[in-house]
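In case you want the letters, here they are:
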Amino acid sequence: MDKILEQIDKERLPRHVAVIMDGNGRWAQLHGQPRIFGHKNGVRSVRQITEASAELGVEFLTLYAFSTENWSRPADEVDALMHLLVETVKGELDVLNENSIRLNAIGDLENLPPKTYQALREGIEDTKSNNRMTLTLALNYSSRWELSNAMRQIAHKVSAGTLGMDQIDDDCISQHLTTAQMPDPELLIRTSGEHRVSNFLLWQLAYTEFYFTDIFWPEFTKEEFYKAILDFQLRERRFGQTSDQLKI
Ligand code: IPE
Ligand code: IPE
Ligand code: MG
């Protein structure tokens, strides 16, 4: 593991890494266990990747933990996930504070079960002055929900006369998203062999590098995370330019 770590160029780290944590259910089934066993084991990976990100010097880590579409899963799985969230947020607070990690959440939070919402609010409040890294949980989040909200807010301002039509540009839209305080992710990781975005950060991912791995989330270790960062560092980000232009 140290060998991979040594190869990472600390000067060229992504400032913001986003992760679609996927494959908990299949991992559990592979072990002859109920799906929630996979979610419980996924918490260990959350801890590992949070720690690895903070140690490296990543400034923002955003984890997709529950999508708006996930409500359509069996009720007992949804209940168990919400309960696990409360336990995890409460259980990890000391570690977050020891490592000066600020907890943040994006999504339709007010429509989460009250206990989950409450635990989140407390976690966010208790860690608000930490400044080493921001850990954002995307909960009851979907990008289309976020974009619809942003458009509604913008339309409201235009009709109230506080925003001109010609002021609606890239920056204006970004400022109305839940990620307004963060740079766009430079790296998106999705585990479990799925190659799709599943309604996550559609606007923000415009120039993000995607990294896909077949590994299921409960088996995604620090070492796997380092591999993703290394892979990212080997890529050439052209932002519409040619390769030759970048060498000038
Ligand atoms: C990701 O694992 C966790 C959540 C979506 C909450 P899944 O639960 O989607 O696991 P698979 O994809 O069914 O294996
Ligand atoms: C995406 O995973 C959402 C989260 C990781 C929270 P899903 O497993 O729900 O996505 P789909 O349904 O396979 O696209
Ligand atoms: Mg899945």
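Up top you'll find the structure we're talking about.
My aim in this report is to walk through the structure given alongside it, one point at a time. It should be emphasised that the depicted structure is a prediction, and the values quoted were computed from it without experimental measurement. (Residues numbered from 1 in each chain as written. Chains lettered and ligands numbered in written order. Predicted model: local features only at pLDDT ≥ 70, side-chain atom pairs only at ≥ 80, totals over all residues. Heavy atoms only, no water.)

Our focus in this paragraph is the side chain of Ser 143. Here Ser 143 is to be found in helix α6 (residues 143-160). Polar side-chain contacts of Ser 143 include one of 2.8 Å to the backbone nitrogen of Leu 202. Discounting chain neighbours no more than four positions away, the residues touching Ser 143 are Asn 199, Phe 200, Leu 201, Leu 202 and Trp 203. (Helix = DSSP H or I, 4+ residues; strand = E, 2+ residues; numbered from the N terminus. Polar contact = N/O pair within 3.5 Å; in protein donor to acceptor, adjacent residues only side chain to side chain. Contact = heavy atoms within 4.5 Å.)

Around ligand 2 lies a shell formed by Ile 20, Met 21, Asp 22, Tyr 64, Ala 65, Phe 66, Ser 67, Asn 70, Arg 73, Arg 190, Arg 196 and Ser 198. Between ligand 2 and the protein, one listed contact pairs an oxygen atom with a side-chain N or O atom of Arg 190 at 3.3 Å. Compared with its free state, where it exposes 390 Å², ligand 2 has 77% of that area covered by protein. Per-element accounting of the shell around ligand 2 gives the leading share, four residues, to strand β2 (residues 60-67). The residue inventory of the shell around ligand 2, partitioned by class, reads five nonpolar, three polar and four charged. (Near = heavy atom within 4 Å. Areas by Shrake-Rupley, 256 points an atom, 1.4 Å probe, with all protein chains shown as cover. Nonpolar A, V, L, I, M, F, W, Y, C, P; charged D, E, K, R; others polar.)

With that settled, consider the packing of aromatic side chains. Counting across every chain of the model gives eight aromatic pairs. On the basis of an interplanar angle of 80° and a centroid distance of 6.0 Å, the ring pair of Phe 210 and Phe 212 is categorised as edge-to-face. Phe 210 sits in the partly exposed class, given a relative accessible area of 27%. Accessibility expressed as a relative area gives 31% for Phe 212, which makes it partly exposed. Ring centres of Trp 217 and Phe 220 lie 5.4 Å apart, and the angle between their planes is 20°; on these two criteria the pair is classed as stacked. Neither Trp 217 nor Phe 220 differs from the other in exposure class; each is buried. An aromatic cluster is defined as three or more aromatic residues linked by ring pairs; in this entry it consists of Tyr 64, Tyr 141 and Phe 200. (Phe/Tyr/Trp six-rings, centres within 6.5 Å; stacked < 30°, edge-to-face > 60°. Buried < 20%, exposed > 50% of the residue type's maximum accessible area, 1.4 Å probe, protein only.)

For the rest of this paragraph, the subject is α6. For α6, which comprises 18 residues, the first-to-last C-alpha distance of 26 Å matches the rise-based estimate of 26 Å (1.5 Å per residue) to within 8%. Looking at α6, one finds that the buried residues are Ser 143, Glu 146, Leu 147, Ala 150 and Ile 154. Buried residues of α6, viewed axially, fall in a sector of 95°; they line one side. Exposed side chains of α6 directed beyond 90 degrees from the buried face belong to Arg 144, Arg 152, His 156, Ser 159 and Ala 160. Those residues of α6 hidden inside the fold are in contact with β4 (133-141) and α7 (170-175). At the C-terminal side of α6, Gly 161 shows a positive phi close to 85°. (Expected span 1.5 Å × (residues − 1). Arc of directions from axis to C-beta.)

This paragraph deals with the pairing of strand β3 (residues 101-106). The buried fraction of β3 amounts to five of the six residues, a majority that puts the element mostly inside the structure. Across six bridges, the pairing between β3 and β4 is parallel. Within the sheet, the bridge partner assigned to Leu 103 lies in β4 and is Leu 135. (Pairing = 2+ DSSP bridges.)

Moving on, we come to the nonpolar core. Grouped together as the largest cluster of nonpolar side chains are 44 residues, with contacts concentrated most on Val 17, Ile 189 and Phe 225. Setting aside residues no more than four positions away along its own chain, Val 17 makes contact with Val 58, Phe 60, Leu 61, Thr 62, Leu 187, Ile 189, Phe 225 and Ile 229. By size, the runner-up hydrophobic cluster in this structure holds twelve residues, among which are Phe 60, Ile 106, Ala 138 and Leu 188. (Core = buried A, V, L, I, M, F, W, Y, C linked by side-chain atoms within 4.5 Å.)

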